[in-house]
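# Per-entry structural report
Listed below, chain by chain, are the residues.
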Amino acid sequence: MRKGMPKGCHHNGAGGEMTGKLKSGRMVVEGSYAAAHAAAMCRPDVISAYPITPQTHIVEDLSQFVADGAIDSKYINVESEFSALSALVGSSAAGARTYSATTSQGLALMHEVLFNAAGMRLPIVMTIVNRSMSAPINIWNDHQDSVAERDAGWIQLYTEDAQELVDTTVQAYLIGEDPDVSLPVMVCMDGFILSHVFEPVELLDQEKVDEFLPQFSPVRALDPENPESFGMFVDPEYYMDFRYLVEQAMDASRQKIADAARKFESAFGRYYGGLIDTYHTDGAEIILVAMGSLVGTLRDVVDDLREKGVSVGLLKIRAFRPFPIDEILKVVARAKVVVVLDKNISLGTGEGAVTTEIKAGLYDSGSDIRVPVMGFVVGLGGRDIPVGTVQRIVEKAKTVAESGVSGRSEFVDLKHLRV
Amino acid sequence: MTLPYAPIGKPGSSVANKTGGWRIFIPVFNAELCNGCGTCETFCPEGIVHKIEGGDTFIADYDYCKGCGICARECPKDAITMELEEK
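Notes on the structure in this doc start here. Because the structure is a prediction, the values reported are computed rather than measured. Starting afresh in each chain, residues are numbered from 1 along the sequence in its written order. Ligands are numbered from 1 and chains lettered from A, in the order in which they are written. Under the rules for a predicted model, residues below a pLDDT of 70 receive no local features and side-chain atom pairs below 80 are neither given nor counted, while totals for whole chains, interfaces and linings still include all residues.

## Some points on the interface of chain A and chain B
Here, residues touch in the contact sense if the C-beta positions derived from the backbone fall within 7 Å of one another. At the interface, 16 residues of chain A touch eight residues of chain B. Elements are defined by DSSP. Helices are runs of H or I of four residues or more, strands are runs of E of two residues or more, and each kind is numbered from the N terminus. Mapped by element, the contributors of at least two residues to the side of chain A that touches chain B are β9 (229-230) and α9 (239-268) of chain A. The greatest single-element share of the side of chain A that touches chain B, amounting to three residues, is contributed by α9(A). Polar here means any residue other than Ala, Val, Leu, Ile, Met, Phe, Trp, Tyr, Cys and Pro, which are nonpolar, and Asp, Glu, Lys and Arg, which are charged; Gly is therefore polar. The class makeup of the residues in the side of chain A that touches chain B is nine nonpolar, three polar and four charged. Should DSSP find at least two bridges between two strands, the strands are regarded as paired. Bridge count for β9(A) against strand β1 (residues 8-9) of chain B is two bridges, and the pairing is antiparallel.

Next comes the structure, spelled out in structure tokens:
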């Protein structure tokens, strides 16, 4: 229990667990607690993480679980995020199920190890509490941290609310540990917006999770009886082929992500889409695209505009890696305009990564789909994205839907500068 | 050939990689000038300079000698010379 918190009045709302099993069932908890609880239910053998805002509560809760004897995981204390992920690389190679959580600068410090974990095909699961990148230093939400790691070889799943985060965490182990995939997975939640908000969450029951998620059975693991060297030096004769194998595994994960979502639905009754989810996209002329908690705002906007007769729908990207271009193309094929709201900016291109990748996919599709794509950079460093802002974006989209011609991407809601 | 799903190998497998192919200059050992002090063996960063079998002078294992030239530089008798190796 955190200092200064009276017994039975735990900050996370779930009451103070002193020993024994964690409580399950529906209760109002902080998003971070929900994340920690979900990770605990997956029975990680090894947890290693370094606290950093806004991820801190997750590691505090997990270390509390370990200290209380509520879970059997080994918690490795480290001096940095680089070491946290390195400790998990070793643990995972030895056949342990592993968990970490980080954000922003911490994720950036892991950069080198991210590539190692993926290249060594280690199915580590890590919660990313999305936060902006310095400078200027800022602790609030956008997606720059994980989007910047899009080439590292990690599967990236984005979640809309705390419940989806919980459920996706369990799915992440199933996907990553599949022998055809064997890749690490980031499960992303928006900093503060999800991590520090109290929501009603169905905390998962240990027995049901055990039934859903088999024990980790690694393809290969370090074994003193049969010594092997993991992460070996590979010369130009082989390197490129190993990189191709990672791409193949990414490709294989597409079906596994969809399957895991359906399997979870059968077991727990909740479903959030596979690689993508759609909302009122059938026959919609304007299709909004987003990732993370912003999708919740957009659902309200779509409801509101539909009532007013605007033909608008919503495409949520759950999996950013692998990028679900085939699924996206199917949805936007008959639309008149695609409107992408990016909480990241690939500096020097003038637009966010989702915008760029959808455009690239459209051009590359080999199909005759020709739909204008409008890119909007929104909500950087925690700037609010109110309903009014989205409505103004949709007004612009109506014009493009008629003309069929979109302009350059733009920054939305700058306050002190003019575009 | 097929690859394992990840870069995993058996320990000791670096012996199979004959790095002598990286060499441009080859150390030529002159047994007549050699006084058998073993300085070349001590300084070799690859650990592949050794005493000739049944003799007192030294030679490199050319399967693994990368031709760095440290032995030639350190030899107190100038008994090792680096020569361009034609392949």
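## Notes on unusual backbone geometry
Residue and element names in this part refer to chain A. S134 connects to A135 through a cis peptide bond whose omega is 0 degrees. Looking at the secondary structure, you find A135 in the loop between β5 (125-130) and α6 (144-147). Between A135 and the following residue, P136, the backbone shows a cis peptide bond with an omega angle of -5 degrees. Its place among the elements puts P136 in the loop between β5 and α6. At S182, a position not held by glycine, the phi torsion is positive, near 45 degrees.

## Topic: the sheet that holds strand β11 (residues 286-290) of chain A
Residues and elements named next belong to chain A. The mixed open sheet is built from six strands, whose spatial order is β10-β12-β11-β14-β15-β16. A strand with exactly one partner marks an edge of an open sheet, and here the two such strands are β10 (276-279) and β16 (410-411). As defined by bridge partners, β10 adjoins strand β12 (residues 312-317) across four bridges and the pair is classed as antiparallel. The residue bridging I276 from the neighbouring strand is I317, located in β12. Fitted lines through C-alpha atoms give the axes, limited to the stretch in contact for helices. The angle between two N-to-C directions lies from 0 to 180 degrees. On top of the sheet, helix α10 (residues 294-307) reaches β10, β11, β12 and β14 (337-342); it is set at about 165 degrees to β12, its chief contact. Helix α13 (residues 387-403) contacts β11, β12, β14 and β15 (373-377) of the sheet and is inclined by roughly 150 degrees relative to β14.

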